[in-house]
Amino acid sequence: MLSVPTLWTVFVINFLALGLIWAYVMRCYPSFEAARFWTASAFVGAAGAAVAMLRVVMPDMMAPLLFAGTTLILTICLAAMGVQRFFNQPVYWRHAVLVTVLGSIGLCSFTYVHDSVPGRMTVLTIAQTLPMAFSLKLLMARHDGHINPGARLAGMVTLLIMAIFAVRLFGAVTGIGGGFSYMHFNASQSVVVLVLVFLSMALNFGFLLMAMDRLRNEVADLALLDDLTGVGNRRYLLQRLTEECARSERGGQPFALLVIDLDGFKGINDTYGHAAGDACLQHFTLMAQTRLRPGDMLARTGGDEFCIVLPSSTLREGAMIARRVLEVCRADAEQCTGNEIPIAVSIGVAQWTAETGLYPDRLIAAADHALYDAKKAGRNGFATYDPAPPLAPEAVDVERPHMALRQRA
């Protein structure tokens, strides 16, 4: 049978190792806020287990065990807060403090006011289970139609830990298995503690998988974003156009594409420098985004060229968005003074048709053709691509052959 000092030592080493791992993750990825809570959770748990070991040298004092129980409650609260931050949920410190303080008061009440091991175990179980239950829904739910494998693993481990807490409480209340107390361990209690240590490692492994999945998605998103403006790049545009073409091919519902070019951009770079040109691109991006609807997508395809994808939109609606973008640029240009650089754009508008099919390059070519018309018309305007209808075949005059025959006769 494992001794009490050995079990608490295992607790300390386990939480310290997890804390060092999460501290490294937190330092490498400062924007990953969930790692901060999981780092704090591990180190708080290690501190609580270390203080609990004082019970060995001070067997008549209950304070070390009460402190350890309080820190274990705070440990789980911090871990649950990390789950909330991972899924971009608000974190309320007052809830964690309230659960920890009430749990500590309950432990002290069933120690100094009315000494009861079942009472202490009941308070400890409820205080530890509450934050886990709140985070369980986030771990097991779908997010943006995607199931995070690490979250699913963490959710299953959380269920197992809650089940063991229930078994531990049942043993403490009924006395089956020798009861359960942190003061005196028996064989069954040692097994339960070791299982909890293993599950805490598995839980943090699930958290690590969650972090890896999040970071991998962020890297994938960066590969589809333009570094300067923060909008989609050409790769993302082609990916989105391919999806929209396939959707329109299936349902027959059109969508529109705007191709935008900044007028005189080369002159801006030559006169004011590339830094000023970059600032113009960023400023235009902000202005254009204010005139888009939810679901519209702006992308920079290179240099001073942009595209806007308008899902479920006709050519007329595309022209309306083009007019709105032009209006905001013209209004901004009128307010320019001193060294401020006015921005003028030309826009070509095209609509998906059955002839476009699954080939987005055909739609881009049509919008480029309209853009050329807009520039040829004087720039700082827009034009729509409206292909000429096919020529109707000449009607066959059935009387003409008979007339010719009569003339020859």
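Counting restarts for each chain, with residues numbered from 1 along the sequence as it is written. At least 70 in pLDDT is required for a residue's local features to be given in this predicted model, at least 80 for side-chain atom pairs to be given and counted, and no such filter applies to totals for whole chains, interfaces and linings, which use all residues. The basis for every side-chain value is the complete set of non-hydrogen atoms in the structure, without hydrogens or water.

J.: Looking at this structure, I do not really get the overall build of the protein chain. What am I missing?
T.: Helix and strand assignments come from DSSP, with helices taken as H or I runs of at least 4 residues and strands as E runs of at least 2, each series counted from the N terminus. Scanning the protein chain from terminus to terminus reveals 14 helices and five strands. A buried classification covers 45% of the 409 residues belonging to the protein chain. When the accessible surface of the protein chain is summed, it comes to about 21,800 Å², and 63% of that surface belongs to carbon and sulfur atoms. Accessible area is worked out with a 1.4 Å probe on protein chains only. A residue is then buried under 20% of its type maximum, exposed over 50%, and partly exposed in between. Here the open area of atoms and residues is found with the Shrake-Rupley method and a 1.4 Å probe, where only the protein chains shown may cover a residue.

J.: Please clarify how the nonpolar core should be interpreted in this entry.
T.: Side chains of a nonpolar character, in soluble globular proteins, are inclined to be buried together. The biggest cluster of nonpolar side chains holds 30 residues, and the ones touching the most others in it are L258, L262, F284, I308, V345 and I347. Where this core is concerned, the elements lending two or more residues are β1 (256-262), α10 (265-272), α11 (274-289), β3 (305-310), α12 (315-334) and β4 (345-351). Examining the composition of this core, we find that seven residues originate from one element, α12, more than from any other. Residue contacts are defined here by distance: any two heavy atoms, one from each residue, within 4.5 Å place the two residues in contact. Discounting chain neighbours no more than four positions away, the residues touching F284 are I260, L262, F306, V325, C329, I343 and V345. In this structure, V25, F87, L136 and A154 belong to the second largest nonpolar core, which totals 29 residues. What is meant by a nonpolar core is a set of buried Ala, Val, Leu, Ile, Met, Phe, Trp, Tyr and Cys residues, joined one to another through side-chain atoms within 4.5 Å.

J.: So what exactly am I meant to see when it comes to the packing of aromatic side chains here?
T.: Between two aromatic rings, the relevant description is the distance of the centres plus the angle of the planes. Stacked, tilted and edge-to-face pairs are distinguished by plane angle, under 30 degrees for stacked and over 60 for edge-to-face with tilted covering the rest, among Phe, Tyr and Trp rings (Trp via its six-membered ring) whose centres lie within 6.5 Å. Counting across every chain of the model gives nine aromatic pairs. On the basis of an interplanar angle of 90° and a centroid distance of 6.1 Å, the ring pair of F32 and F86 is categorised as edge-to-face. Of this pair, F32 sits in the loop between α1 (4-28) and α2 (34-52) while F86 is found in helix α4 (residues 63-86), placing the two residues 54 residues apart along the sequence. Taken individually, F32 and F86 each receive the classification buried, so the pair is uniform in this respect. Aromatic pair F37 and W93: ring centres 5.8 Å apart, planes at 35°, arrangement tilted. Here W93 lies in helix α5 (residues 93-113) and F37 lies in helix α2, a separation of 56 residues in the sequence. Exposure remark for F37: the relative accessible area of 12% places this residue in the buried category. According to the relative accessible area criterion, W93 is partly exposed, its value standing at 49%.

J.: Just to check I follow, could you spell out the side chain of T75 for this structure?
T.: Take T75: it is sitting in helix α4. The residues touching T75, leaving out its near neighbours within four places in the chain, are F15, S41, V44 and G45.

J.: When you look at the side chain of T285 in this model, what are you seeing that I'm missing?
T.: As for its position among the elements, T285 is in helix α11. Non-local contacts of T285, meaning those with residues more than four positions away in its chain, are made with T229, V231, L298 and F306.

J.: I would appreciate a short explanation of the environment of L298 in the present structure.
T.: Turning to its location among the elements, L298 is positioned in strand β2 (residues 297-302). For L298, a relative accessible area of 7% translates into the label buried. In the structure, L298 is positioned 10 residues away from I308 in sequence and 4.5 Å away in space, judged by C-alpha atoms. Aside from chain neighbours lying at most four places away, what touches L298 is V231, G232, T285, A288, Q289, L292, F306, C307 and I308.

J.: Got a minute to help me understand α12 in this structure?
T.: Side chains that are three or four residues apart share a direction in an α-helix, a result of its 3.6 residues per turn. Taking 1.5 Å per residue, 20 residues should reach 28 Å; α12 reaches 28 Å between its end C-alpha atoms and fits that length. Buried residues of α12: L315, G318, A319, I321, A322, V325, L326, V328, C329 and D332, and no others. The length a helix should cover is 1.5 Å for every residue beyond the first.

J.: What should I look at first to understand the confidence of the model for the protein chain in this one?
T.: Residues shown with low pLDDT carry predicted positions that ought not to be read at fine detail. The pLDDT value tells you how sure the predictor is about a given residue, anywhere from 0 up to 100. Scored by pLDDT, the protein chain has a mean of 86; 90% of the residues are at 70 or more. Note on residues 390-409: pLDDT under 50 across the span, and zero contacts to partners over four residues away in sequence or across chains.

J.: Looking at this structure, how should I read the pattern of salt bridges?
T.: When the charged atoms of two side chains lie near each other, side chains of opposite charge can form a pair. When a carboxyl oxygen of Asp or Glu lies within 4 Å of a side-chain nitrogen of Lys or Arg, that pair is called a salt bridge. Inspection of every chain in the model, using the stated rule, returns 10 salt bridges. Between R293 and D296 there is a salt bridge, with its nearest N and O atoms 2.9 Å apart. The exposure class assigned to D296 is buried, which follows from its relative accessible area of 13%. Via salt bridges that share partners, R240, E244 and R247 belong to a single interconnected network.

J.: I keep staring at the pairing of β1 and nothing clicks. Help me out?
T.: The buried fraction of β1 amounts to seven of the seven residues, a majority that puts the element mostly inside the structure. Should DSSP find at least two bridges between two strands, the strands are taken to pair. Direction of pairing for β1 relative to β3: antiparallel, over a ladder of six bridges. What sits directly across from V259, in β3, is C307. Sheet topology places β1 next to β4; seven bridges connect them, and they run antiparallel. For L262, the partnering residue across the bridge sits in β4 and is V345.

J.: Hey, could you run me through empty space enclosed by the protein in this one?
T.: One way to see where empty space is left: roll a probe the size of a water molecule over the atoms. Points on a 1 Å grid, built from protein atoms alone, make a cavity when a 1.4 Å probe fits but cannot get out and make a pocket when they are open with protein on both sides within 12 Å along at least 5 of 7 lines; residues with an atom within 4 Å of a point are the lining residues. Grid points are joined across faces, edges and corners, and a volume is the space filled by probe spheres set on the points. The final tally for this structure, using the stated rule, is two cavities of 30 Å³ or more. By volume, the largest cavity amounts to about 450 Å³. Residue lining of the largest cavity: 28 residues in total, with T75, I76, I161, S200 and L203 positioned closest to the centre. As a working rule, the residues Ala, Val, Leu, Ile, Met, Phe, Trp, Tyr, Cys and Pro are called nonpolar, Asp, Glu, Lys and Arg charged, and the rest polar, with Gly in that last group. By residue class, the composition of the lining of the largest cavity is 19 nonpolar, eight polar and one charged.

J.: Got a minute to help me understand α5 in this structure?
T.: Between its terminal C-alpha atoms α5 stretches 29 Å, which fits the 30 Å expected from 21 residues at 1.5 Å a residue. Among the residues making up α5, those that are buried are A96, T100, G103, G106, L107 and T111. Taken down its axis, α5 places every buried residue within 125° of arc, on the same side. Of the exposed residues in α5, those oriented more than 90 degrees away from the buried face are R94, L102, Y112 and V113. On its buried face, α5 is in contact with α4 and α6 (117-140). Note that the arc is defined by the directions from the helix axis to the C-beta atoms.

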